[in-house]
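Here are the chains, one letter per residue:
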Amino acid sequence: MADMDELQGRGAGRMRAWWRRGPGAAWRYGPHGLTGEDAEAGGRSRLPWVSTLLITAFVMAGSTFAAHAQEGERVALDPFARLLLFAAGASLLLRHRHPVAVLSGTVGAVLLYLGAGYPYGPVFLVVAVACFTAVVAGHRRAAWTAMGTLWVGHLLLAHVLYRQLPPNGDSAASWNQEIVAATWVVALIAVSELARARREQWARERAERAQAARRRADEERLRIARELHDVLAHSISVINVQAGVGLALLDSDPEQARTALTTIKDKSKEALGEVRQVLDTLRTPGAAPRAPAPGLDRLPELVEQAAAAGLNVTVEGEAPDLAPGADLAAFRIVQEALTNVVRHSGSRNARVRMEERDGALRLCIDDDGPATGADAGGSGNGLAGMRERAAALDGTIDAGPRPDGGFRVLAVLPLTPKEDR
């Protein structure tokens, strides 16, 4: 049994931790147990070894084939050229951590490679990958500047400095080639910007989903808090009154004291059942409740419980057909109002009036007072819970002292659920 208690304690601890984080914390952005921030940080901590190796190998091999195709037109590849190609490709290993520095380095390496007269080829691929990474990472101005520098540098090499640079006897490049190069640069930037915009859209959608999950978790916590408050406040108020009656009559009227103790037993059993039903929603998310939610059809039972606590309740009017959410809210509002009469009012009489008017249910709960303390009519979580229940249905709650004495709670709840309007 001790082991079972320890396991249950651990499970409860995990449940509390999960509930504080919210129901989407485990799966929001990544695998089980890895949040979005951790997943993104973990992804950036890993270097792109495989892609860098493949790109470098492709550039080295492709440049060799390009050198054979351009033999006699450009300078043949030598160890320095291969070192430049390898350095440019290997620098992509740090492109996620230092995108601007890697882009600047690849542009410089390519301009040096072309200035030395080495053959055109897949060396431009390293610049394309570095530019794409920088733009997607948000360094747009640096990417545009680097690509502009590359194009202007190529213009100088191909049209101004070509006589002073190898290979000997080289002629100026055609302007059609420059137009193709400019088109290539613009297309690369455009694709990178499109990818960046798409990534930002995904990030916004992901943040919105996370915010919606947190909002649903907050709403669920608030709903459970209201349910627990309403169930416990009413039940404990009845138990408190009956315990006082039992103590007062224990010697003079044992039979009446026995009746009070029986009421305490029944009410505590009922409260435990309702609390267990609320807590089951935490243990089995998404499952249907084991018992139907209370509604105004249980109003006679509520009147009997109030009578057991010494409060005479008169009910006027008939409850209309309500949606389940509105029915539960109406029941809890009446329950909380009667609980406040028992706890805070000197009156032993209360009236509950129900009226259907203008497509809404009007619930009026009156007592004649006087208040027995500073919290006349209730305070704190009780009235706040009633207002939250009404507001969730686009209804209203008015609570306060009456001009002729006593206290009044007036609730107006729409008959039609707001999703159907």
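Residues numbered from 1 in each chain as written. Predicted model: local features only at pLDDT ≥ 70, side-chain atom pairs only at ≥ 80, totals over all residues. Heavy atoms only, no water.

1. Structural notes on the overall build of the protein chain
- The secondary structure content of the protein chain amounts to 12 helices and 5 strands.
- The proportion of buried residues among the 421 residues of the protein chain is 39%.
- By sequence separation, contacts in the protein chain at least 24 residues apart represent 72% of the contacts at least 6 residues apart.
- Just so you have it, the protein chain exposes about 23,500 Å², and 60% of that area is on carbon and sulfur atoms. (Helix = DSSP H or I, 4+ residues; strand = E, 2+ residues; numbered from the N terminus. Buried < 20%, exposed > 50% of the residue type's maximum accessible area, 1.4 Å probe, protein only. Contact = heavy atoms within 4.5 Å. Areas by Shrake-Rupley, 256 points an atom, 1.4 Å probe, with all protein chains shown as cover.)

2. Overview of the UniProt feature "transmembrane region" (unreviewed entry) in the protein chain
- According to UniProt, the positions carrying the feature "transmembrane region" (unreviewed entry) are residues 47-68, 118-137 and 144-162.
- Taken end to end, residues 118-137 has its terminal C-alpha atoms 31 Å apart, with 65% of it in helix and 0% in strand.
- Between the end C-alpha atoms of residues 144-162 the distance is 25 Å, and the span holds 84% helix and 0% strand. (UniProt positions renumbered as here; feature names shortened; annotations may be inferred.)

3. Things to note about the packing of aromatic side chains
- According to the stated counting rule, one finds 3 aromatic pairs in the structure shown.
- Between Tyr113 and Tyr118, the aromatic rings sit 5.3 Å apart at their centres with planes inclined by 40°, giving tilted as the arrangement.
- The class for Tyr118 is buried, based on a relative accessible area of 4%.
- Pairing Phe124 with Trp184 gives two aromatic rings, centres 5.9 Å apart and planes at 70°, and the pair type is edge-to-face. Of this pair, Phe124 sits in helix 6 (residues 124-136) while Trp184 sits in helix 8 (residues 175-249), and the two are 60 residues apart along the sequence.
- By relative accessible area, which is 34% here, Trp184 ends up partly exposed.
- Taken together, the aromatic side chains of Tyr120, Phe124 and Trp184 make up a single cluster linked through ring pairs. (Phe/Tyr/Trp six-rings, centres within 6.5 Å; stacked < 30°, edge-to-face > 60°.)

4. Here we look at the environment of Leu53
- Note that Leu53 resides in helix 3 (residues 49-69).
- With a relative accessible area of 60%, Leu53 lands in the exposed category.
- Taking the C-alpha atoms as reference, Leu53 lies 8.5 Å from Leu93; in sequence the two are 40 residues apart.

5. Let's talk about the confidence of the model for the protein chain
- Here the protein chain averages 78 in pLDDT, while 78% of its residues score no lower than 70.
- Least confident of the elements in the protein chain is helix 1 (residues 2-21), whose mean pLDDT is 43; most confident is helix 4 (residues 79-90), at 94.
- Across residues 1-43 the pLDDT falls below 50, and counting only partners more than four positions away or on other chains, this stretch makes 28 contacts in the model. (pLDDT = per-residue confidence, 0-100.)

6. Brief notes about helix 5 (residues 99-115)
- Relative to the 24 Å expected for 17 residues at 1.5 Å per residue, helix 5 spans 24 Å between its end C-alpha atoms, a close match to the ideal helical length.
- Burial in helix 5 covers these residues: Pro99, Val102, Leu103, Thr106, Val107, Ala109, Val110, Leu111, Tyr113, Leu114 and Gly115.
- Buried residues in helix 5 make contact with helix 3, helix 4, helix 6 and helix 7 (140-159).
- Count one or two residues on from helix 5 and you reach Gly117, which has phi positive near 85°. (Expected span 1.5 Å × (residues − 1).)

7. Some details on unusual backbone geometry
- At Asp358, a residue that is not glycine, the phi angle is positive and equals roughly 55°.
- Of note, Asp394 is a non-glycine position whose phi angle comes to about 65°, a positive value.
- When you line up the elements, Asp394 lands in the loop between helix 12 (381-392) and strand 4 (396-401).

8. Here we look at the nonpolar core
- Counting residues in hydrophobic clusters, the biggest one holds 36 residues, and the most contacted among them are Leu103, Tyr113, Val126, Cys131 and Met147.
- Secondary-structure elements contributing two or more residues to this core are helix 3, helix 4, helix 5, helix 6, helix 7 and helix 8.
- Setting aside residues up to four positions removed in sequence, Cys131 forms contacts with Leu103, Ala143, Met147, Leu188, Ile189 and Ser192.
- By size, the runner-up hydrophobic cluster in this structure holds 34 residues, among which are Val238, Val341, Ala350 and Met386. (Core = buried A, V, L, I, M, F, W, Y, C linked by side-chain atoms within 4.5 Å.)

9. As for the side chain of Thr133
- Residue placement: Thr133 occurs in helix 6.
- Residue class for Thr133 comes out buried when judged on its relative accessible area of 9%.
- Every residue in contact with Thr133, bar those within four places of it in the chain, is listed here: Arg95, His96 and Pro99.

10. What about the environment of Ile239?
- Its place among the elements puts Ile239 in helix 8.
- Residues within four places of Ile239 in sequence aside, it is in contact with Ile264, Lys267 and Ser268.

11. Description of a nonpolar patch on the surface
- Residues Trp151, Val152, Leu156, Val160 and Leu161 make up a contiguous nonpolar surface patch of about 400 Å² in total accessible area.
- Structurally, Leu156 can be placed in helix 7.
- Leu156 gets classed as partly exposed once you look at its relative accessible area, which sits at 41%. (Patch = residues over 30% accessible without salt bridge, like charges linked within 9 Å, V, L, I, M, F, W, Y side chains within 5 Å. Salt bridge = Lys/Arg side-chain N within 4 Å of Asp/Glu carboxyl O.)

12. Considerations on the environment of Thr259
- Tracing the sequence through the fold places Thr259 in helix 9 (residues 254-283).
- The spacing of Thr259 and Ala308 is 49 residues in sequence and 9.5 Å in space, taken between C-alpha atoms.

13. What about the pairing of strand 2 (residues 349-357)?
- As paired strands, strand 1 (residues 312-316) and strand 2 are joined by 5 bridges and run parallel to one another. Its bridge partner being in strand 2, Val315 is matched across the sheet by Val352.
- A crossover connection joins strand 1 to the parallel strand 2 through helix 11 (residues 324-344); in handedness this β-α-β unit is left-handed.
- Where strand 2 and strand 3 (residues 360-367) come together, 8 bridges link them in antiparallel fashion. Bridged to Val352 within strand 3 is Ile365.
- Hairpin geometry of strand 2 and strand 3 is characterised by an intervening segment of 2 residues between the two adjacent antiparallel strands and by a positive phi of about 55° at Asp358. (Pairing = 2+ DSSP bridges. Right-handed = clockwise from strand over helix to strand, strands pointing away.)

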